[in-house]
Amino acid sequence: MHKKLFIPGPVEVEKDVLEKLATPMIGHRTKDASDLQREISDKLRKVFHTKEEILLSTSSGTGLLEGAIRSTTAKRAIVISIGAFGKRWYEIAKANNVEADLYEVPWGEAVKAEEVDKLLSTGKYDSIFITHNETSTGVMNPVEEISKVIKKYKDVVWSLDCVSSMAGTKIEVDKLGVDVCITSTQKALALPPGMSICSFSKKAIERAEKVTNRGYYFDLLALYKYLKKKDYQYPSTPSLPHMFALNYRLDKILEEGLENRYKRHKEMAEYVRNWAKENFKLYANENFLSNTLTNVENTKNIDVKDLNKKLGERGFAISDGYGNLKNKTFRIAHMGETTLEDIKELIENINDILGI
Ligand SMILES: *Cc1c(COP(=O)(O)O)cnc(C)c1O
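Residues numbered from 1 in each chain as written. Predicted model: local features only at pLDDT ≥ 70, side-chain atom pairs only at ≥ 80, totals over all residues. Heavy atoms only, no water.

Defined as follows: UniProt positions are given in the numbering used here, feature names are shortened, and annotations may be inferred rather than shown by experiment.
Where an unreviewed UniProt entry is consulted, the protein appears under the name Alanine--glyoxylate aminotransferase family protein, with the organism given as Clostridium oceanicum. Recorded under Sequence similarities (unreviewed entry), the UniProt text for the protein is reproduced unchanged: "Belongs to the class-V pyridoxal-phosphate-dependent aminotransferase family." Taken directly from UniProt, the Cofactor (unreviewed entry) text for the protein runs: "pyridoxal 5'-phosphate".

Next up, the structure:
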């Protein structure tokens, strides 16, 4: 039996979208391929609220996390970690010989704008890396306040990991001044895994020009230059099936309307939070809760694995806590095409299984 996914990626994908992956192939050096990319870019600019260029990468989001830190750090990077994915960004820097420092915030908390200010005021850094929505903890960082601080530092290039939040909550890339905004297909965009997307600002381009060792496959400047010179094509063969499906998905997203989409996510989040507060406890600081997933503290000491097994028999799947949080928390994703009705059905089944 298929299990309806309420895990923070991959998420449920509807049949009509899946069918787009089976579109007959086209050559990746054809006008059709160029037109496809141009259409996708125009639509993605709306979702990202940006006028900057859009780059696709045939890799999961981690590939672009690597591309961003390697392509935009000429001097030294500061990586702010509020959980597992922030930490991963620092590890990526180390693995690539990028000079970087890690600033860790306790799990469940967000980073404060003052902390960012203090770090950047040292003058040590020319790039900063922040997770917007930390999927391991269920925290969403206050990017509006953080943005005001980062804007004071004209030489600092800002990359933001929006892998689990883009298209599920409003992120105004240009207004915030984010230079490289990254997401993956398998989260709030509700597509199969295998492709990632980023915006690439003029400031990021200028910086990348000064970085000598940007790698090869994830060299964002090389992707950008090729796109510009070769009529919206890529240096290597992109996942055309994902591009067909993405183009179609973006039509559906814009048809729903971005504001409606954000509202739907907010409503689902509020429903799950209220349920969690009544029956358990929220893991994350309540002032910084994610709109796309909820991390529930397992105060009843239930067997999460067993709950998931029983849910599985009924055709649902949720997530255990991340890493060390296994069985200490469990996570319910409410992103992509999931509706409030789906969430209510899931919660009813959890209540029934747990007898609460
Ligand atoms: C899922 C996730 C990633 C990793 O993305 P992949 O597409 O699996 O490489 C990175 N950051 C965050 C916040 C995520 O939720």
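### Notes on the site of the ligand
Spelled out, the test is: Near residues are defined by distance, with any heavy atom within 4 Å of the molecule or strand qualifying the residue. We define a polar contact as two N or O atoms separated by no more than 3.5 Å, with the added condition that, inside protein, one atom must be a possible hydrogen donor and the other a possible acceptor, whereas residues neighbouring each other in sequence contribute only through side-chain atom pairs. Numbering goes from the N terminus for both helices and strands, where a helix is a DSSP run of H or I of at least four residues and a strand is a run of E of at least two. Classification used: nonpolar for Ala, Val, Leu, Ile, Met, Phe, Trp, Tyr, Cys and Pro, charged for Asp, Glu, Lys and Arg, polar for all others including Gly.
Taken together, 14 residues lie around the ligand, and Ser60, Thr62, Thr135, Asp161 and Lys187 are the ones closest in. Interatomic distance of 2.6 Å between a side-chain N/O atom of Thr62 and an oxygen atom of the ligand. One of the side-chain nitrogen or oxygen atoms of Thr135 is found 2.4 Å away from an oxygen atom of the ligand. Contributions of two or more residues to the shell around the ligand are made by helix 3 (61–72) and helix 4 (84–95). Across the shell around the ligand, the residue classes break down as two nonpolar, nine polar and three charged.

### Considering empty space enclosed by the protein
What counts here: We place a 1 Å grid over just the protein atoms. Points where a 1.4 Å probe fits but has no way out form a cavity, open points with protein on both sides within 12 Å along at least 5 of 7 lines form a pocket, and any residue with an atom within 4 Å of a point lines it. Grid points are joined across faces, edges and corners, and a volume is the space filled by probe spheres set on the points.
Counted according to the given criterion, the structure contains three cavities of 30 Å³ or more. Computed from the structure, the largest cavity encloses a volume of approximately 100 Å³. Every residue lining the largest cavity is listed: Leu56, Ser57, Thr58, Tyr217, Leu223, Tyr234, Pro235, Ser236, Thr237 and Pro238. For the lining of the largest cavity, the class distribution of residues is six nonpolar, four polar and no charged. When its volume is computed, the second largest cavity comes out at roughly 50 Å³. Every residue along the wall of the second largest cavity is listed here: His28, Ala33, Ser34, Gln37, Tyr232, Gln233, Tyr234, Pro238, Leu240 and Met243. When residues of the lining of the second largest cavity are traced back to their parent elements, those giving at least two are helix 2 (31–48) and helix 10 (240–256). Ranked by residues supplied to the lining of the second largest cavity, first place goes to helix 2 with three residues. For the lining of the second largest cavity, the per-class residue count stands at six nonpolar, four polar and no charged.

### Comments concerning the sheet that holds strand 12 (residues 293–297)
We count it as follows: Following DSSP output, two strands are said to pair if at least two bridges run between them.
Taken together, four strands build an open sheet; the order of strands is 11-12-15-14 and the sheet is antiparallel. Each edge of the open sheet carries a strand with a single partner, namely strand 11 (281–282) and strand 14 (319–320). Across five bridges, the pairing between strand 12 and strand 15 (residues 329–333) is antiparallel. The partner of Val296 across the bridge, within strand 15, is Phe330.

### Focus: the packing of helix 5 (residues 113–120) against helix 6 (residues 143–150)
Our working rule: With axes taken as lines fitted to C-alpha atoms, and helix axes fitted only over the stretch in contact, angles between N-to-C directions fall between 0 and 180 degrees. These descriptions rest on fixed angle ranges, namely under 35 degrees for roughly parallel, over 145 for roughly antiparallel, 65 to 115 for roughly perpendicular, and the rest for oblique. Helix crossings are classified by the rotation of the near helix relative to the far one: an anticlockwise turn of less than a right angle makes the crossing left-handed, while a clockwise turn makes it right-handed. Contacts are assigned to residue pairs that have any heavy atoms within 4.5 Å of one another.
As a packed pair, helix 5 and helix 6 sit with axes 8 Å apart at the nearest point and diverge in direction by 25°. Considered as vectors, helix 5 and helix 6 are oriented roughly parallel to each other. Note on packing geometry: the crossing formed by helix 5 with helix 6 is right-handed. Touching Ala113, Val116, Asp117 and Leu120 of helix 5 are Glu145, Ile146, Val149 and Ile150, all from helix 6. Residues of the contact of helix 5 with helix 6, tallied by class, amount to six nonpolar, no polar and two charged.

### Here we look at the UniProt feature "domain: Aminotransferase class V" (unreviewed entry) in the protein
The UniProt record annotates "domain: Aminotransferase class V" (unreviewed entry) at residues 25–323. Secondary structure within residues 25–323 divides into 43% helix and 17% strand; the distance between the first and last C-alpha atoms comes to 40 Å.

### As for the pairing of strand 9 (residues 180–184)
Short version of the rule: Accessibility here uses a 1.4 Å probe with only protein chains present; expressed as a share of the type maximum, an area under 20% marks a residue as buried, one over 50% as exposed, and anything in between as partly exposed.
Most of strand 9 is tucked away: five of the five residues are buried. Alternating positions in strand 9 separate into two faces, Val180, Ile182 and Ser184 on one and Cys181 and Thr183 on the other, with burial throughout. As paired elements, strand 8 (residues 157–161) and strand 9 share three bridges and run parallel to each other. Bridging from a neighbouring strand, Ser159 pairs with Val180 of strand 9. Bridge analysis of strand 9 against strand 10 (residues 196–200) gives five bridges, and the strand direction is antiparallel. Paired with Thr183 across the two strands is Ile197, which belongs to strand 10.

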